[in-house]
Every structure is written in structure tokens, then in C-alpha cells.
Amino acid sequence: MDTKIISFYEKDFEKCVELIKNNEIVVFPTETVYGIGGNALSSEASLKIFDIKERARDNPLIVHVCDYDISKYVKNINENAVKIIERFWPGPLTIILNKKDIIPDEVTAGKDTVALRMPNNKIALELIRRSGCPIAAPSANISGRPSGTNARRCFEDLKGKVKFIIDGLESEIGIESTVISLVGDPIILRSGYITFEEIREIIPEVRFYEKINSKIINDDVLSPGLKYKHYAPKGEMLILKGDREKIGNFIKRNINNFKKLGVLCLSENFEFYKSVDEGVNVVDVGNKDDFNEIGKNLFESIRRFDDLKCDFIISECFFEDFTNAIMNRLLKASSHKVIIL
Ligand code: TXA
Ligand code: MG
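Anyway, here's the lowdown on the structure attached to this text. (Residues numbered from 1 in each chain as written. Chains lettered and ligands numbered in written order. Predicted model: local features only at pLDDT ≥ 70, side-chain atom pairs only at ≥ 80, totals over all residues. Heavy atoms only, no water.)

**Remarks on the layout of surface pockets**
Right, on to step 1. Its boundaries defined by the atoms lining it, the second largest pocket holds a volume of some 280 Å³.
Right, on to step 2. Broken down by secondary-structure element, the contributors of at least two residues to the lining of the second largest pocket are β12 (236-241) and α7 (244-254).
Right, on to step 3. By residue class, the composition of the lining of the second largest pocket is six nonpolar, two polar and eight charged. (1 Å grid on protein atoms, 1.4 Å probe; cavity = no way out; pocket = protein on both sides within 12 Å on 5 of 7 lines; lining within 4 Å. Points joined across faces, edges and corners; volume = space filled by probe spheres on them. Helix = DSSP H or I, 4+ residues; strand = E, 2+ residues; numbered from the N terminus. Nonpolar A, V, L, I, M, F, W, Y, C, P; charged D, E, K, R; others polar.)

**Here's the deal with the site of ligand 1**
Right, on to step 1. In the region of ligand 1, 26 residues are neighbours, and T32, R55, N59, H64 and S177 sit closest.
Right, on to step 2. Contacts to ligand 1 include R117, whose side-chain N or O atom sits 3.1 Å from an oxygen atom.
Right, on to step 3. Here an oxygen atom of ligand 1 sits 2.5 Å away from a polar atom, N or O, in the side chain of S177.
Right, on to step 4. Those elements giving two or more residues to the shell around ligand 1 turn out to be β4 (62-64), β6 (113-117) and β10 (187-190). (Near = heavy atom within 4 Å. Polar contact = N/O pair within 3.5 Å; in protein donor to acceptor, adjacent residues only side chain to side chain.)

**Examining helix α4 (residues 122-131)**
Right, on to step 1. Among the residues making up α4, those that are buried are I123, A124, E126, L127, I128 and S131.
Right, on to step 2. Where α4 is buried, its residues contact α1 (12-21), β2 (26-28), β4, β7 (135-136) and β8 (164-167).
Right, on to step 3. Capping the start of α4, N121 holds a side-chain oxygen 2.9 Å from the backbone nitrogen of I123, two or three residues further along.
Right, on to step 4. Positive phi shows up at G132, right after α4, with a value of about 75°. (Buried < 20%, exposed > 50% of the residue type's maximum accessible area, 1.4 Å probe, protein only. Contact = heavy atoms within 4.5 Å.)

**Thoughts on the packing of helix α5 (residues 151-158) against helix α9 (residues 291-307)**
Right, on to step 1. Between α5 and α9, the least distance of the axes is 12 Å, while the angle of their chain directions is 50°. One finds that α5 runs oblique with respect to α9. Like other packed secondary-structure pairs, α5 and α9 cross with a definite hand, here left-handed. Residues R152, R153, E156 and D157 of α5 form the contact with α9, whose participating residues are E300, R303, R304 and D307.
Right, on to step 2. The class makeup of the residues in the contact of α5 with α9 is no nonpolar, no polar and eight charged. (Axes fitted to C-alpha atoms, helices over the stretch in contact; angles between N-to-C directions. Parallel < 35°, antiparallel > 145°, perpendicular 65-115°, else oblique. Left-handed = near helix turned anticlockwise from the far one by under 90°.)

**Some words on the state of the cysteines**
Right, on to step 1. Here the structure, examined in full by the defined rule, presents zero disulfides.
Right, on to step 2. Unpaired in terms of disulfides, C265 finds its nearest cysteine sulfur in C310, a separation of 13 Å.
Right, on to step 3. With relative accessibility at 0%, the residue C265 sits in the buried group. (Disulfide = S-S within 2.5 Å.)

**A short note on a positive patch on the surface**
Right, on to step 1. Among the surface-exposed residues, K159, K234, K260 and K309 lie close enough to one another that they form a single positively charged patch.
Right, on to step 2. Topologically, K309 is positioned in the loop between α9 and β15 (312-316). (Patch = residues over 30% accessible without salt bridge, like charges linked within 9 Å, V, L, I, M, F, W, Y side chains within 5 Å. Areas by Shrake-Rupley, 256 points an atom, 1.4 Å probe, with all protein chains shown as cover. Salt bridge = Lys/Arg side-chain N within 4 Å of Asp/Glu carboxyl O. Lys, Arg positive; Asp, Glu negative; His and termini not counted. Charge placed at Lys NZ, Arg CZ, Asp CG, Glu CD.)

**Observations regarding the sheet that holds β12**
Strand pairing in a sheet relies on backbone hydrogen bonds, with the paired strands running either antiparallel or parallel.
Right, on to step 1. In space, the five strands of this open sheet follow the order β14-β13-β15-β12-β16, with parallel pairing throughout. Unpaired on one side and paired on the other, β14 (281-284) and β16 (338-340) mark the two borders of the sheet. With direction set aside, neighbouring strand axes in the sheet form an average angle of 25°.
Right, on to step 2. The sheet contact formed by strand β13 (residues 261-265) and β14 spans four bridges and is parallel. Paired with G262 across the bridge in β14 is N281.
Right, on to step 3. Against the sheet, α7 makes contact with β12, β13 and β15, and its axis sits at roughly 170° relative to β15, the strand it touches most.
Right, on to step 4. Contacts from helix α10 (residues 325-333) reach β12, β13, β15 and β16 within the one sheet, and its direction differs from that of β12 by about 130°. (Pairing = 2+ DSSP bridges.)

**So, the nonpolar core**
Right, on to step 1. Ranked by size, the top nonpolar core spans 46 residues in total, and within it I84 and I95 carry the most contacts.
Right, on to step 2. Within the residue set of this core, elements represented by two or more residues are α2 (43-53), α3 (79-88), β5 (93-98), β6, α5 and α6 (196-202).
Right, on to step 3. Counting residues in each nonpolar core, the second largest holds 29 residues, with L264, F305, F318 and A333 among its members. (Core = buried A, V, L, I, M, F, W, Y, C linked by side-chain atoms within 4.5 Å.)

**Observations regarding the pattern of salt bridges**
Right, on to step 1. Under the criterion given, the structure shown has 27 salt bridges.
Right, on to step 2. R153 is paired through a salt bridge with E156; the nearest N and O atoms lie 2.7 Å apart. Placement of the pair is R153 and E156 together in helix α5, with a separation of three residues, close to one helical turn.
Right, on to step 3. Note on R153: relative accessible area 0%, which makes it buried.
Right, on to step 4. You can call E156 partly exposed: its relative accessible area is 29%.
Right, on to step 5. D157 serves as the salt-bridge partner of R303, at 3.0 Å between the closest nitrogen and oxygen. Placement of the pair is R303 in helix α9 and D157 in helix α5, with a sequence separation of 146 residues. Pair check on accessibility: R303 and D157 agree, each one buried.

**Things to note about the environment of G235**
Right, on to step 1. With respect to the helices, strands and loops of the structure, G235 is situated in the loop between β11 (207-208) and β12.
Right, on to step 2. The spacing of G235 and G262 is 27 residues in sequence and 9.1 Å in space, taken between C-alpha atoms.
Right, on to step 3. Beyond its immediate chain neighbours, meaning those up to four positions away, G235 contacts D306, C310, D311 and I313.

**Overview of the pairing of β13**
Right, on to step 1. Across the five residues that make up β13, a large majority, five, are buried.
Right, on to step 2. Neither face of β13 is open: one carries L261, V263 and C265, the other G262 and L264, and all of them are buried.
Right, on to step 3. Relative to β15, β13 is paired through four bridges, and the arrangement is parallel. Looking at the pairing, L264 lines up with S315 of β15.
Right, on to step 4. Regarding the hand of the β-α-β motif, the stretch spanning β13, helix α8 (residues 270-276) and β14 is right-handed. (Right-handed = clockwise from strand over helix to strand, strands pointing away.)

All we've got here are geometric facts, nothing functional implied.
Right, dumping it as C-alpha cells:
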């Protein structure tokens, strides 16, 4: 199959709408990361997504909607759900509620709950609206790889597997939505762009799922996605917590152990690491304390180390708080390897 990157304004956009209507799969932009999507009311379409992505069958998909009327898809829309939707939709916040039968079991991987989100992206909303159905879409990458945040990276993973990738430039946010279960007590299952503090302003009793950052190996989790490897570059990754001088010394001591060493760092430390050893491949993720910039660049930066063919990557520790979305992604990308210097 040929894979074509198209723009929203091309005639081919209409073909994408037709494909979704025919239970075929299309890659499209959202404000968080790109999605690989199909008709969320079709088990056939959702099974295709699992196959293309090589996704574990027990890991449910997020259903993307283009309007506020979710009563067709879920039961028990409680007060918390109404508050969250009013405050954060359209936007990077996914809610989990009890599903109605119209949502196939294949989409929710057999769960009786479903994840719903209204993306804040014109192309995504238009695709959903014109297709006339909600769109089930996980991030547009092969499972285990960093999420795609531009059409080129989605193409890298999915060429030959989908007909169209709709180009929506760089994802504005670059990290995935926050996932919150509102079925019982409100509980955040995945940290994301919307922070715990922002949610606590409207739901004071909200809490973080205690396994949000743990390296889980058993089946006993509220959100199946927590079990799997995520966001990883091809080389091995390690987070070093310490000042740049200590990290520089660590690099000097270890550089000969690797074929090609990469360093992921803040912009202000870019020149410093370049000066440590000329063999180091330095990628700059953004300015210190600029959460939005680092988030926007994170997955693209991690994928740069694949382009550079780095077999080992050292990342600075950008924030103290490992539960924020950036540190959560970095922790998973490095398979939880952190050394405190
Ligand atoms: O920003 C995003 O959320 C992006 C864009 C494309 O919208 N999508 C995304 O999807 O990140 P995905 O499939 O990569 O992650 C969905 C997460 C998984 O960790 C999954 O386990 C969890 O949501 N999830 C989905 N439905 C669930 C459910 N019913 N109960 C618990 N967790 C659920
Ligand atoms: Mg994903």
C-alpha cells in the first residue's frame, strides 16, 4: 500500500472521510500527538488499528468526539464528568465512564468503560464531523515507540500500512492527554498536559493512581497501557539526576563504552555538553522550566537519537516531580533507569 501525506485542503481529505466511513484507517493530527484512527462504532475498524500498531489487544482505545453530546456512548454522566467537560473540552483531557452497548468491546478491550476525548484541533474535529461517527484513535506510532508529533514521524512508523496521513504540522502540545477515570472516585490514570493541580481546582478530591509511574509487570492495573513499554528510542536510555558538571564527568568516564552516545539536555546546557567530548551527540529539548516547550519537543527529540544512530542516550532530569507528564514519559522511555549522581 502506498502511503501519502496530504494536507487538509487537498481533495484527498474527502477520501479520508470516505475511508473512515468504510471502516478503514487514517492518520490525523490532534493538538496532543497524531492519532491513528477508525470508526469507533465498528469492531472491524478498531481491530485494524490494533493490527497496524502492533498493539496489545487488552489495551483499550480512546474514542474521539466532535461535540458535547456523549450520552449516546456512555451511561451515568455524573457531576464530575460535566464539570470536567465544561472546563477542559475541547482539549487534552480524556475521561473514562461506563460505556453503552453501541461502543464495541473491541474498542474498549472488553472493559465496560470507555475513554472519551474531544480534541482541540480543527482537522481532527472536521474529520470526525464529516465522517459522521466518533473516531477511535491511539497515538500514531508502532507500540512501544515515541508518539508521532508530525506527519514525517508518523510516516516513518506507518508507511505502507495506511493510505493517508493528514499533515497538521507539529503537534501544538506534543504529549498525550491526561486520562481520568470518573466511574467511581475520580482518579488520574495517566498524567498529561492538564495537570493534577488544574483538575483539583474543580474536583478537590481527585487523586493520582498510585501505579502511575511504577514499573508494573503484573496484570493488576486500572489502565492496561501502564503495563507496556512506551516512548522508547532504539538505543538504551538513562536519566541522570545531578548538575551538569557531574553529568559531564560521567560522560567522560563512560564515553568509550558506547558506539555513539547521545545527550538530551536543556537549551542552556547544549554548548556545555558539546564541549565535554566531540563524540557526544547533543539534542536540546527546550528551555529550563518551560514545560510547554519541553513537552512539545520531547518525542521528536527522542526520535532524533534514532536518526543519529545512538546506541546509548543520557537524559538530564528536567523536573524534580516524576509524576508530571514529561518526567513520566521520560521515565518510561528509559525503562525506569535513573541514577542520582
Ligand atoms: O492525547 C491522546 O490521548 C492521544 C491522541 C491521539 O488523542 N491518544 C493516546 O492514545 O494517547 P493511546 O492509545 O496511546 O493511550 C490511551 C491510554 C492507554 O494508556 C489506555 O490504556 C488508556 O488510555 N485507556 C483507554 N481506555 C481505557 C479504559 N476504558 N480504562 C482505562 N484506561 C483506558
Ligand atoms: Mg500511545
